[in-house]
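Listed here are the chains, written in short residue letters.
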Amino acid sequence: MQNEPGRVAGRHFLQIPGPTNVPDRILRAIDNPTMDHRSPAFAKLGQACLEGMKTIFRTESHAFIYPASGTGAWEAALVNTLSPGDAVLMVETGHFASLWRRMAERLGLSPILIETDWRAGADIAAGEIEGRLAEDRARTIKAVCVVHNETSTGCTTDVPAIRRAVDAAKHPALLMVDTISSLASIDYRHDEWGVDVTVGGSQKGLMLPPGLSFNAVSEKAYAAQKTAKLPRSFWSWEEQAGPNATGYFPYTPATNLLYGLREAIAMLHEEGLDRVFARHDRHAEATRRAVAAWGLETQCRVAKNHSSSLTAVRVPEGQSADRVRAVIRDAFDMSLGNGLSKLADRVFRIGHLGDVNDLTLMGTLAGVEMGLGLAGVPHKTGGVAAAMAYLAGQAAPGVAKAA
Ligand code: PLP
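Procedures and definitions
- Residues numbered from 1 in each chain as written.
- Predicted model: local features only at pLDDT ≥ 70, side-chain atom pairs only at ≥ 80, totals over all residues.
- Heavy atoms only, no water.
- Helix = DSSP H or I, 4+ residues; strand = E, 2+ residues; numbered from the N terminus.
- Buried < 20%, exposed > 50% of the residue type's maximum accessible area, 1.4 Å probe, protein only.
- Domains from an automatic or database assignment.
- Contact = heavy atoms within 4.5 Å.
- Buried area = accessible area lost by both parts, 1.4 Å probe.
- Salt bridge = Lys/Arg side-chain N within 4 Å of Asp/Glu carboxyl O.
- Polar contact = N/O pair within 3.5 Å; in protein donor to acceptor, adjacent residues only side chain to side chain.
- Core = buried A, V, L, I, M, F, W, Y, C linked by side-chain atoms within 4.5 Å.
- Axes fitted to C-alpha atoms, helices over the stretch in contact; angles between N-to-C directions.
- Parallel < 35°, antiparallel > 145°, perpendicular 65-115°, else oblique.
- Left-handed = near helix turned anticlockwise from the far one by under 90°.
- Nonpolar A, V, L, I, M, F, W, Y, C, P; charged D, E, K, R; others polar.

1. Quick look at the environment of L257
Inference 1: Here L257 shows up in helix α9 (residues 255-271).
Inference 2: Among the residues examined, L257 registers a relative accessible area of 16% and is labelled buried.
Inference 3: Once the C-alpha coordinates of L257 and P67 are considered, the two residues, 190 residues apart in sequence, prove to be 8.8 Å apart.

In structure tokens, the structure reads:
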């Protein structure tokens, strides 16, 4: 039988930095009859998800789940802990940090912005964070907000360095961290690193479709609700905590996504979180080797800040990153991330997070190398070969190399 016109064979390569490919096992878990969310069976599911998320955040305090995109969990972090006019210190590492700042302004907070060149993590500003906090003798700054993995630039922040800066200033501000594109991809420890509120989303390292977002909350942040005066209702942690204690939610939860979440958490633990992080590190290194061999530059210019979940690649002056992406989409049915706001058309972003293995990555890099050629972008060949040599030389953990 002939294919229908327009049918493209094979599976689409979804290599944007989230949403990521949803593994069949998770799709199968979601593909079940929607259950009664007030039933005893649901309580088991709710509890498994709420407790399971604590193991992903690496926290023993509170975890909350919202039927919302990541933006909702950003809002929840702010409105549960802060009051109108509160100063919040934010580091503008890229597009997502600037969106969070804009949200803070709209909510009536007073962000103090530390700007960067969008080519490093927020830890580049650790000294300035410490200085601003030390100067704040009246303790008007109530929170320090950073993005762990800036999805627009491919730069990761050293969160413990930010914690040390806050501690060095002996300042009581809450530390809030956005892990939307790093959770379950890049090492993260909510408790050990002394984070007060962590924000996460379902559609990246957790390998789920978009639609769920999360907060992990320290006891100090949880207690801040008592004095926080920003209006809140849907996002209120207190409203959730009551029903959550027995596995329920104060509203109709996204039942089928929760089936998927329970499966995703199980899969991450079957692989082992440390192995998940090592896999992402390894794929990111292979990708950077390809980029270097092409003679192109990554947007991230600080080696220790290189992201393990995505790589933003700068195109040479006079070239269009959007054209490269369009050529690759049309020729190879692969989606890459676009450049956002001031990086529009300057970078394309290769997502290598979530359910990715060596051959997924090699297919992705082959598509990029062929696409650079088809789009006429001056580059050297050999990126795919460089990545392949690295992956073959650095066998995945547990794979024995021939003597
Ligand atoms: N923060 C980061 C780092 C992100 O990558 C994104 C989305 O990609 C967001 C926040 C916003 O999340 P959402 O689009 O799910 O609302």
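2. Details of the domain arrangement of the chain
Inference 1: On domain assignment, one finds that the chain holds domain 1 (13-20 + 272-393) and domain 2 (24-268).
Inference 2: For domain 1 and domain 2, the distance between their C-alpha centres works out to 27 Å.
Inference 3: Counting residues at the interface gives 33 residues for domain 1, matched by 32 residues for domain 2.
Inference 4: Both faces considered, domain 1 and domain 2 share a buried interface measuring about 2,700 Å² in area, 52% of it formed by carbon and sulfur atoms.
Inference 5: Inspection of the domain 1/domain 2 interface yields four salt bridges.
Inference 6: Our count for the contact surface shared by domain 1 and domain 2 stands at 21 residue pairs in polar contact (both at pLDDT 80 or more).
Inference 7: At the level of elements, α10 (273-294), β11 (297-298) and β12 (310-314) are the ones that each hand at least two residues to the side of domain 1 that touches domain 2.
Inference 8: Looking at the side of domain 1 that touches domain 2, the element that brings in the most residues is α10, giving five residues.

3. Description of the nonpolar core
Inference 1: Within the largest apolar cluster, 64 residues are counted, with the highest numbers of intra-cluster contacts made by M53, I65, W100, M176, L206 and L261.
Inference 2: The element contributing the most residues to this core is α9, with eight residues.
Inference 3: Two domains each provide a minimum of three residues to this core, namely domain 1 (13-20 + 272-393) and domain 2 (24-268).

4. Topic: the packing of helix α11 (residues 321-332) against helix α12 (residues 358-374)
Inference 1: Remark: α11 packs on α12, axes separated minimally by 9 Å, with the N-to-C direction vectors making an angle of 115 degrees. By the angle between their directions, the pair α11 and α12 is classed as roughly perpendicular. Both α11 and α12 take part in a crossing whose hand is right-handed. Residues R323, V324, V327, I328, A331 and F332 of α11 touch α12, and the partners they reach there are G367, V368, M370, G371, L372 and L374.
Inference 2: A per-class count over the contact of α11 with α12 returns nine nonpolar, two polar and one charged.

5. Re helix α3 (residues 70-79)
Inference 1: Of all ten residues in α3, eight are buried; the element is thus mostly enclosed.
Inference 2: Buried within α3 are the following residues: G70, G72, A73, W74, A76, A77, L78 and V79.

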